[in-house]
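Secondary and tertiary structure notes
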Amino acid sequence: MHAFFMRHGEATTQAESDMARQLTLDGREDVVETIARCQQELTIVDDIWASPYVRAQQTAQLVSERIHKPVITQDFLTPTDNPDKILAALRNAEKTILIVSHQPLLGTLVDRLAGLETGRHRMGTSAIACIETDAMMYGCGDLLWLHQPE
């Protein structure tokens, strides 16, 4: 099975709250560029799960428009959430999921799934990673690729 992990695009620094920060024009362009680079690999995605934060929702919508998959908002995908909860949800999903969320959550999750040292992979804005695994458990996956925007 596969799981995909994408960090939201570049966001504004000014907003009424962190949750309300929106994508910049460059952020939107980077998301579109990154998805175009791996669109073929994303044909196996069943659903897109997104953080409730505005920048993640906007990123997920851009992805959805290109791969034609539904966006499902998940409250457990905020920057400081517990990766164990996400892992359990992925295990129960029995689908191929693309998660759109934040650092440090995504980098930690990718590293743990692939059995790598935590902090090894920093996912820049608009970065996307693919993990392949037979069992959705820490240390059981292989990091197939990690695309950063050019």
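See above for the structure.
Described in the following lines is the structure provided in the data block. (Residues numbered from 1 in each chain as written. Predicted model: local features only at pLDDT ≥ 70, side-chain atom pairs only at ≥ 80, totals over all residues. Heavy atoms only, no water.)

Among the nonpolar cores identified, the biggest contains 22 residues, and Phe5, Trp49, Ile86, Leu90, Ile99 and Leu113 are the most heavily contacted of them. Of all the secondary structure elements, the ones that give two or more residues to this core are β1 (2–7), α3 (83–93), β4 (97–101), α4 (105–113) and β5 (128–133). No other element matches α4, which puts 5 residues into this core. Setting aside chain neighbours within four positions, we find Ile99 in contact with Phe4, Phe5, Met6, Trp49, Leu77, Ile86, Leu90 and Leu106. (Core = buried A, V, L, I, M, F, W, Y, C linked by side-chain atoms within 4.5 Å. Buried < 20%, exposed > 50% of the residue type's maximum accessible area, 1.4 Å probe, protein only. Helix = DSSP H or I, 4+ residues; strand = E, 2+ residues; numbered from the N terminus. Contact = heavy atoms within 4.5 Å.)

The geometry of an aromatic ring pair is captured by the separation of the ring centres together with the interplanar angle, meaning the angle of the planes. Per the stated rule, a full pass over the model turns up 2 aromatic pairs. Judged by centre distance (5.9 Å) and plane angle (45°), the rings of Phe4 and Trp145 are tilted. Of this pair, Phe4 sits in strand β1 while Trp145 sits in strand β6 (residues 141–147); the two residues are 141 residues apart in sequence, bridging distant segments of the chain. For the pair Phe4 and Trp145, one class covers both residues: buried. Seen in terms of ring centroids, Trp49 and Phe76 are 6.0 Å apart; in terms of plane orientation they differ by 90°. Their pairing is edge-to-face. In this pair, Trp49 is assigned in strand β2 (residues 47–50) and Phe76 in the loop between β3 (71–73) and α3, connecting sequence segments 27 residues apart. Note that Arg112 overlies the ring of Tyr138, its terminal NZ or CZ placed 5.7 Å from the centroid. (Phe/Tyr/Trp six-rings, centres within 6.5 Å; stacked < 30°, edge-to-face > 60°. Lys NZ or Arg CZ within 6 Å of the ring centre and 35° of its normal.)

What follows concerns the environment of Leu42. Mapping Leu42 onto the fold places it in the loop between α1 (25–38) and β2. Of the residues examined, Leu42 reaches a relative accessible area of 1% and is grouped as buried. Sequence separation between Leu42 and Lys69 is 27 residues; the distance between their C-alpha atoms is 9.9 Å. Excluding residues that lie within four positions of it along the chain, Leu42 makes contacts with Phe4, Ile35, Ile67, Leu98 and Ile128.

This paragraph deals with the pattern of salt bridges. Counted according to the given criterion, the structure contains 5 salt bridges. A salt bridge links Lys95 to Asp47, with the shortest nitrogen-to-oxygen separation between them at 2.9 Å. With a gap of 48 residues between them, Lys95 in the loop between α3 and β4 and Asp47 in strand β2 connect regions that are remote in the sequence. On the basis of relative accessible area, Asp47 is assigned to the buried category, the value being 8%. Among the salt bridges present, the one from Arg66 reaches Glu65, with a minimum N-O distance of 3.3 Å. Via salt bridges that share partners, Asp18, Arg21 and Arg55 belong to a single interconnected network. (Salt bridge = Lys/Arg side-chain N within 4 Å of Asp/Glu carboxyl O.)

Inspection of the secondary structure puts His8 in the loop between β1 and α1. Within the structure, His8 has its side chain in polar contact with the side chain of Arg55 (distance 3.2 Å). For His8, the residues in contact, after removing those within four places along its chain, are Arg55, Ala56, Thr59, Val100, Ser101, His102, Thr125 and Ser126. (Polar contact = N/O pair within 3.5 Å; in protein donor to acceptor, adjacent residues only side chain to side chain.)

Once that is clear, we can look at the sheet that holds β2. If you walk across this open sheet you meet the 6 strands as β3-β2-β4-β1-β5-β6, and the pairing is mixed. Strands with a single pairing partner mark the edges of an open sheet, and in this sheet they are β3 and β6. Recorded for the sheet is a direction-independent mean angle of 20° between the axes of neighbouring strands. The pairing of β2 with β3 spans 3 bridges and is parallel. Directly across from Ala50, in β3, lies its bridge partner Thr73. Against the sheet, helix α2 (residues 54–67) engages β1, β2, β3 and β4, with an angle of about 170° to β2. Its contacts with the sheet put α3 on β1, β2 and β4, and the angle it makes with β4 is roughly 155°. (Pairing = 2+ DSSP bridges. Axes fitted to C-alpha atoms, helices over the stretch in contact; angles between N-to-C directions.)

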